[in-house]
Amino acid sequence: TGVDLCPPLIAIKKDTESKHRRRGGVLKTRSTELGSAVTGSPFLMTTGKKSIVLSSETRKELAKQAKVTREERRAQIDERHKYLISRLADGMGLSEQQVEEAIISDDKFQLIEQFFAPSGLKKLLFFYQDVLQQKSNASLRSDGSTNNLLQKKLFLTMGATENFTGICAFFLRTSDKVITASNVSQEVNFGVFDCSNGNILQGLEFFLSQIMIPALKSQQHWGAVKEGLKNSQIQDFLYSVDRFVGTLSSSRQNLEDKIQLAKVDIDINVSNLQNPSDYITAG
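Under an unreviewed UniProt entry, the name given to the chain is DYH5 protein, and the organism recorded is Anseranas semipalmata.

Structure, rendered in structure tokens:
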């Protein structure tokens, strides 16, 4: 399907300390934490720089817990979630089932509830892009290392830690009201920002020129501003946006090797310059 549907695993922390006497000192074992299956391998436990292959019993227990968590989240899905899922499926070219499985398997699932809450999160971001994924269980080696490959994945993000290289779908709140099944389509705006292959400037230029500006120019009502598009302030605003897009386009073209510096041959050997008088003479 192209979407990572593996369920998240509940983080298990062990905050016990074992003290051992060794040469008059105290040796303490650090707490260990099993990572989520969404962001790491469910078959490895990392302690410091060493990876340990988990036993089959541990893997079964973690898989059982992950399944319970996934089904609990599925039971929480209501019309608000279904609205988000429908928009994401349309924007990403995926099926609603694929999107639902990706969402309930995401370790940041709780961000959705924070977005729906009164005065909650102002934005909800989803990235759909290539990420490193473990090939298969058989790829685990005896030393705990894995073979990885790039695979497209849909996941929730705050947008601060992951590099953006693919497609970003975003939901924006228009007020501080609680988001309900009856008002979600009015209170939440949806958009897609395509930066495939990491070309952010080109994606921003396309988004503004092909989506935002046409939408703004077709809008007749501007709230408290009277006369709509005939208002001089609105006209100045649209003109400024047009100019910004033009500047953005020029900057993008300049960065795409449109401007090249000519190579200059230096006649004298710089390494022979020993003192200030040599530099003056060379100049």
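J.: I'm lost on the overall build of the chain in this one. Help?
T.: When its secondary structure is counted, the chain shows eight helices and 10 strands. Counting over 283 residues, the chain shows a buried share of 33%. In the chain, the proportion of contacts linking residues at least 24 apart, taken out of those at least 6 apart, comes to 60%. Summing over all exposed atoms, the chain offers an accessible surface of approximately 18,500 Å²; the carbon and sulfur share of this is 52%.

J.: Looking at this structure, how should I read the pattern of salt bridges?
T.: Close approach of charged atoms allows side chains with opposite charge to pair. What the rule picks out here adds up to 12 salt bridges. For Glu79, the salt bridge identified is with Lys82, shortest N-O distance 3.8 Å. On the criterion of helical spacing, the pair formed by Glu79 and Lys82 is a turn pair, its members being three residues apart in helix H2 (residues 79–92). Residue Glu79 is classed as partly exposed on the basis of its relative accessible area, which comes to 48%. Salt-bridge contacts for Asp90 lead to Arg87; the nearest nitrogen and oxygen are separated by 3.4 Å. Of this pair, Asp90 and Arg87 both sit in helix H2, three residues apart, which is roughly one turn of that helix.

J.: Where do I start with the packing of helix H1 (residues 56–76) against helix H3 (residues 96–104) in this structure?
T.: Between two packed helices, what matters for the description is the angle formed by their axes and the separation of those axes. Running from N to C, H1 and H3 point in directions that differ by 120°, and their axes come no closer than 9 Å. Here H3 runs oblique to H1, going by the angle between their axes. Here H1 and H3 pass one another in a crossing that is right-handed. On the side of H1, the interface is formed by Arg70, Arg73 and Arg74, while H3 contributes Glu100, Glu101 and Ile104.

J.: Whenever I open this one, the packing of aromatic side chains confuses me. Can you help?
T.: The geometry of an aromatic ring pair is captured by the separation of the ring centres together with the interplanar angle, meaning the angle of the planes. For the structure on display, the rule yields nine aromatic pairs. Ring geometry for Phe115 versus Phe116: centroids 6.1 Å apart, planes at 55°, classification tilted. Residues Phe115 and Phe116 agree in their burial class; the two are buried. Centre to centre, the rings of Phe127 and Phe155 are 5.9 Å apart; their planes meet at 75°, and the pair counts as edge-to-face. Here Phe155 lies in strand E8 (residues 148–157) and Phe127 lies in strand E7 (residues 123–134), a separation of 28 residues in the sequence. Looking at Phe127, the relative accessible area reads 4%, which means it is buried. Put simply, the rings of Phe127, Phe155, Phe164, Phe170, Phe193 and Phe207 touch in pairs and so form one group of aromatic residues.

J.: Looking at this model, I keep getting lost on the environment of Leu248. Mind explaining?
T.: Counting through the fold element by element, Leu248 comes out in helix H7 (residues 232–258). The buried category is assigned to Leu248, whose relative accessible area is 8%. It is 8.6 Å that separates the C-alpha atoms of Leu248 and Gln202, two residues lying 46 residues apart in sequence. Ignoring sequence-local partners within four residues, the contact set of Leu248 consists of Leu201, Leu204 and Glu205.

Here is what the cut-offs are and how they apply
- Throughout, residues of each chain are indexed from 1 in the direction in which the sequence is written.
- It should be noted that, the model being predicted, local features are given only for residues of pLDDT at least 70 and side-chain atom pairs only at 80 or more, the latter also being counted only at that level, while totals for whole chains, interfaces and linings use all residues.
- Hydrogens and water molecules were not included; the side-chain quantities draw on all heavy atoms of the structure.
- Helix numbering and strand numbering both begin at the N terminus, where a helix is a DSSP run of H or I of at least 4 residues and a strand a DSSP run of E of at least 2.
- Only protein chains enter the area calculation, which uses a 1.4 Å probe; residues under 20% of their type maximum are buried, those over 50% are exposed, and those in between are partly exposed.
- We call two residues in contact when some of their heavy atoms are within 4.5 Å.
- Using a 1.4 Å probe, accessible areas were evaluated by the Shrake-Rupley method; residue-level cover was limited to the displayed protein chains.
- Any carboxyl oxygen of Asp or Glu that lies within 4 Å of a side-chain nitrogen of Lys or Arg is treated as forming a salt bridge with it.
- Only the stretch in contact is used when a helix axis is fitted, and all axes are lines through C-alpha atoms; the angle between N-to-C directions ranges over 0 to 180 degrees.
- Relative orientations are named as follows: roughly parallel for angles under 35 degrees, roughly antiparallel for angles over 145 degrees, roughly perpendicular for angles from 65 to 115 degrees, and oblique for any other angle.
- Each crossing is labelled by how the near helix is turned from the far one, with a counterclockwise turn of less than a right angle marking it left-handed and a clockwise turn marking it right-handed.
- A pair of Phe, Tyr and Trp rings is counted when the ring centres sit within 6.5 Å of each other, with Trp represented by its six-membered ring. The angle between the planes then sorts it: under 30 degrees is stacked, over 60 is edge-to-face, the rest tilted.

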